[in-house]
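Inside the fold
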Amino acid sequence: MGKLKKINSEELLFNDITKLIEESKKYVAHTVNATLTILYWKIGKRINRDLLKNKRANYGAQIVATPSRQLTEKYGSGFGEKSIRRMIQFSEVFPDEKIVASATRQLSWSHFIELIPLKQPLKQPLKRAFYAEMCRIERWSIKTLRKKIDGMLYERTAISKKPKQLIKQEIKQLRDEDKLTPDLVFRDPYFLDFLGLKNTFSEKNLEDAILRELESFILELGQGFSFIERQKRMVIDGEDFRLDLLFYHRKLKRLVAIELKLGKFKVGYKSQMELYLRWLEKNEMQAGEETPIGLILCAEGSKEQIELLQLNKSGIKVAEYLTDLPSKQLLQEKLHHAVEISKKHIENNE
């Protein structure tokens, strides 16, 4: 018995020491990454200011070559011309050192490389700021960040359809207060190609497929969602009602009711969702939570009806889902058209 106790004690000690070592290694790796990222920002800033005089001109091909050669001779690889140009771009597109320093708590240099606009999709400052802050707050891996950019997440969120000043304001709140709003969380359309549904299927087929691929569905919804229940039963005036899916969003601190619909959006879906939301507010909402919010997923939206119903005032979002993804060009055209229509609608209301 005594020998067994000694073995257990030794194993516990070994496990504790192993945990300390692993935690220290992670801390050192994080500190090194943050320090290097700030260093690269400062190098880019100094070369841009002192040698290029803040003039782009292909980043002064010959001028950049000199410090690159000198640094490589002294410190080895990592300071090639391509790397130096990235550092210069880094300091240009993220001009505020405080913002960079804060972001390095979650973002690595490799994350920033994905955000530096060598490619067309991230040339817009607001779009880049959106991805940087969402990546930070949701702790995306580099692979996830790349996937979100390729999947045009920004264009699919409601925030992209707002005037620039409102977008800036929401991103600033996200940066300064870690405050997520529904317009940053919900998107349209949702990509459900992973469900493997083809041709004709029923709402039950759709629901069953989502539950089979729940992890993938939550990844598409976005981080912060937790599944609670399917076919949530509500008894109202002695009559049974069933909500398709019930989730909770940790950052928004609210229940999220999801209804799955085939075909186009119909006006009656609004009153149905309103009934569910008010029941959840009365019977399920906990102290400290925000009022429940609804998401109606349809195969096709009815833009004018949705606009006239002013669903946002009822805490209801409507979005399309795609079980077969179109080409990227077609998707870009569709999303660009949706953004332009939404912005014109906002301008007309103002």
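Owing to the predicted nature of the structure, the values given are computational and were not obtained by experimental measurement.

About the criteria used
Residues numbered from 1 in each chain as written. Predicted model: local features only at pLDDT ≥ 70, side-chain atom pairs only at ≥ 80, totals over all residues. Heavy atoms only, no water. Helix = DSSP H or I, 4+ residues; strand = E, 2+ residues; numbered from the N terminus. Buried < 20%, exposed > 50% of the residue type's maximum accessible area, 1.4 Å probe, protein only. Lys, Arg positive; Asp, Glu negative; His and termini not counted. Salt bridge = Lys/Arg side-chain N within 4 Å of Asp/Glu carboxyl O. Polar contact = N/O pair within 3.5 Å; in protein donor to acceptor, adjacent residues only side chain to side chain. Expected span 1.5 Å × (residues − 1). Contact = heavy atoms within 4.5 Å. Phe/Tyr/Trp six-rings, centres within 6.5 Å; stacked < 30°, edge-to-face > 60°. Lys NZ or Arg CZ within 6 Å of the ring centre and 35° of its normal. Axes fitted to C-alpha atoms, helices over the stretch in contact; angles between N-to-C directions. Parallel < 35°, antiparallel > 145°, perpendicular 65-115°, else oblique. Left-handed = near helix turned anticlockwise from the far one by under 90°. Nonpolar A, V, L, I, M, F, W, Y, C, P; charged D, E, K, R; others polar. Core = buried A, V, L, I, M, F, W, Y, C linked by side-chain atoms within 4.5 Å.

**Details of the side chain of Lys 161**
Tracing the sequence through the fold places Lys 161 in the loop between helix H8 (153–156) and helix H9 (164–177). Put simply, Lys 161 is tucked away with no salt bridge, and the nearest opposite charge, on Asp 188, sits 5.9 Å away. Within the local environment of Lys 161, its side chain forms a polar contact with the backbone oxygen of Glu 155, the two atoms lying 3.3 Å apart. There is a polar contact of 3.4 Å between the side chain of Lys 161 and the backbone oxygen of Thr 157.

**Re the pattern of salt bridges**
Summed over all chains, the structure comprises 24 salt bridges. Its salt-bridge partner being Asp 208, residue Arg 230 comes within 2.7 Å of it at the nearest N-O pair. Highlighted residues: Arg 230 in strand E2 (residues 225–236) and Asp 208 in helix H11 (residues 203–212), separated in sequence by 22 residues. Here the residues in one salt-bridge network are Glu 133, Arg 136, Arg 175 and Asp 178, joined through shared partners.

**Let's talk about H9**
The end-to-end C-alpha distance of H9 is 20 Å, a good match for the 20 Å that 14 residues give at a rise of 1.5 Å each. Elements in contact with the buried residues of H9: helix H6 (125–138), H8 and helix H10 (182–185). Following H9 by one or two positions, Asp 178 has its phi on the positive side, about 55°.

**Side note on the side chain of Ser 91**
Tracing the sequence through the fold places Ser 91 in helix H3 (residues 81–93). On the basis of relative accessibility, which here comes to 3%, the residue Ser 91 falls in the buried class. At 2.8 Å, the side chain of Ser 91 forms a polar contact with the backbone oxygen of Ile 88.

**A look at the packing of aromatic side chains**
For any pair of aromatic rings, geometry is given as the distance between the ring centres together with the angle between the planes. This structure, assessed with the given rule, holds 13 aromatic pairs. Centre to centre, the rings of Phe 186 and Phe 225 are 6.1 Å apart; their planes meet at 80°, and the pair counts as edge-to-face. Of this pair, Phe 186 sits in the loop between H10 and strand E1 (190–191) while Phe 225 sits in strand E2, and the two are 39 residues apart along the sequence. The pair Phe 186 / Phe 225 is uniform in exposure class, with both members buried. Grouped by ring-pair contacts, the aromatic residues Tyr 40, Phe 90, Phe 94, Trp 109 and Phe 112 constitute a single cluster. Between Arg 156 and the ring centre of Phe 191, over which it is positioned, the NZ or CZ distance is 3.9 Å.

**Concerning the packing of H6 against H9**
The interhelical angle for the contact between H6 and H9, taken along N-to-C directions, is 25°, at an axis separation of 10 Å. Taken together, the axes of H6 and H9 lie roughly parallel to each other. In terms of crossing hand, the pair formed by H6 and H9 is left-handed. Across from Leu 126, Ala 129, Phe 130, Glu 133, Met 134, Arg 136 and Ile 137 in H6, the residues of H9 making contact are Lys 164, Ile 167, Lys 168, Ile 171, Leu 174 and Arg 175. Within the contact of H6 with H9, the residues separate by chemical class into eight nonpolar, no polar and five charged.

**What about the nonpolar core?**
Membership of the largest hydrophobic core comes to 64 residues, with the highest contact counts inside it found for Phe 130, Tyr 131, Phe 186, Leu 206, Phe 217, Ile 258 and Leu 297. Among the elements that line this core, the one with the most residues is H6, at eight residues. Each residue touching Leu 206, except ones within four places of it in the same chain, is listed here: Leu 192, Leu 195, Leu 197, Phe 201, Leu 260 and Tyr 321. Ala 257, Leu 277, Ile 296 and Leu 311 belong to the second-largest nonpolar core, a separate cluster that totals 19 residues.

**As for the environment of Lys 303**
When you line up the elements, Lys 303 lands in helix H14 (residues 303–309). Along the primary structure Lys 303 and Val 318 are separated by 15 residues, whereas in three dimensions their C-alpha atoms are 9.6 Å apart. Filtering out sequence-adjacent residues up to four positions away, Lys 303 remains in contact with Asp 188 and Glu 320.

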